[in-house]
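# Topology and contacts: notes
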Amino acid sequence: MTATLSAAQIEYLAGQRLGRLATIRPDGSPQNNPVGFHYNADLGTIDIAGRNMGASQKFRNLAREQRVAFVVDDVPSVDPWQVRCLEIRGVAEALRDVPTYLDGGSRELIRITPERVLAFGID
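Counting of residues starts from 1 at the beginning of each chain's written sequence and follows it residue by residue. For a predicted model such as this one, the threshold for reporting local features is a pLDDT of at least 70, and the threshold for listing and counting side-chain atom pairs is 80 or more; totals across whole chains, interfaces and linings nevertheless cover every residue. Processing note: side-chain calculations cover all non-hydrogen atoms of the structure and skip hydrogens and water entirely.

## Describing the packing of aromatic side chains
The pairing test for Phe, Tyr and Trp rings, Trp by its six-membered ring, is centres within 6.5 Å, and the orientation test on the planes gives stacked under 30 degrees, edge-to-face over 60, and tilted for anything in between. Taken as a whole, this structure holds 1 aromatic pair when the rule is applied. Where F37 meets F70, the ring centres are 5.2 Å apart and the plane angle is 70 degrees; that geometry is what we call edge-to-face. You can see F37 sitting in the loop between β2 (30-35) and β3 (38-40) and its partner F70 sitting in strand β5 (residues 67-78), a full 33 residues away along the chain. No difference in accessibility class separates F37 from F70, as the two residues are buried. The secondary structure listing takes helices from DSSP runs of H or I that are at least 4 residues long and strands from runs of E that are at least 2 residues long, numbered from the N terminus. Buried, partly exposed and exposed residues are distinguished by accessible area as a fraction of the type maximum, computed with a 1.4 Å probe on protein chains only: under 20%, between the cut-offs, and over 50%, respectively.

## Structural notes on the nonpolar core
Only buried Ala, Val, Leu, Ile, Met, Phe, Trp, Tyr and Cys residues count toward a nonpolar core, and they belong to the same one when joined by side-chain atoms within 4.5 Å. Counting 21 residues, the largest nonpolar core has L13, L21, I46, I48, F70, I110 and I112 as the members making the most contacts within it. Among the secondary structure elements, those contributing two or more residues to this core are α1 (7-14), β4 (45-48), β5, β6 (81-96) and β7 (108-120). Ignoring sequence-local partners within four residues, the contact set of L21 consists of Q31, N32, N33, V35, I48, K58, V68, A69, F70, I110 and I112. Contacts between residues were defined by any pair of non-hydrogen atoms, one from each residue, lying within 4.5 Å.

## Thoughts on the pairing of β2
Judged by which residues are buried, β2 turns out to be one-sided: Q31, N33 and V35 face inward and are buried, whereas P30, N32 and P34, on the alternate face, are not. Two successive antiparallel strands, strand β1 (residues 19-24) and β2, enclose a turn made up of 5 residues, where G28 displays a positive phi of approximately 90 degrees. Being paired, for any two strands, means DSSP has found at least two bridges between them.

## Considerations on the environment of L18
With respect to the secondary-structure elements, L18 resides in the loop between α1 and β1. Classification of L18 as exposed rests on a relative accessible area of 52%. C-alpha of L18 to C-alpha of A41: the two residues are 23 residues apart in sequence and 18 Å apart in space.

If you want it as structure tokens, here you go:
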């Protein structure tokens, strides 16, 4: 079941540069990494590219378990206290030899298809 992000959630992502991707390691333990990302409007996915992406543990983790969680959050104000958060749970593909949005990056890409979207402080 694919989930669709709202216009406000897409706008929020466009203003952010860093998220955190949680994958599952081969031993079953979680791994959480800061990553750059791009919202792919054509597919409704979150695309994650990088330098040597195909050699990364997070990329290799997807061979065993494709379920992931991706979080983007920030604190735009401390007075008054305001937090915004977008969590996307879904399945990810580890794609090889594909063009990416990142100049100078490798030709590997993690593509997340949202299945559940949790948000606060955004909509």
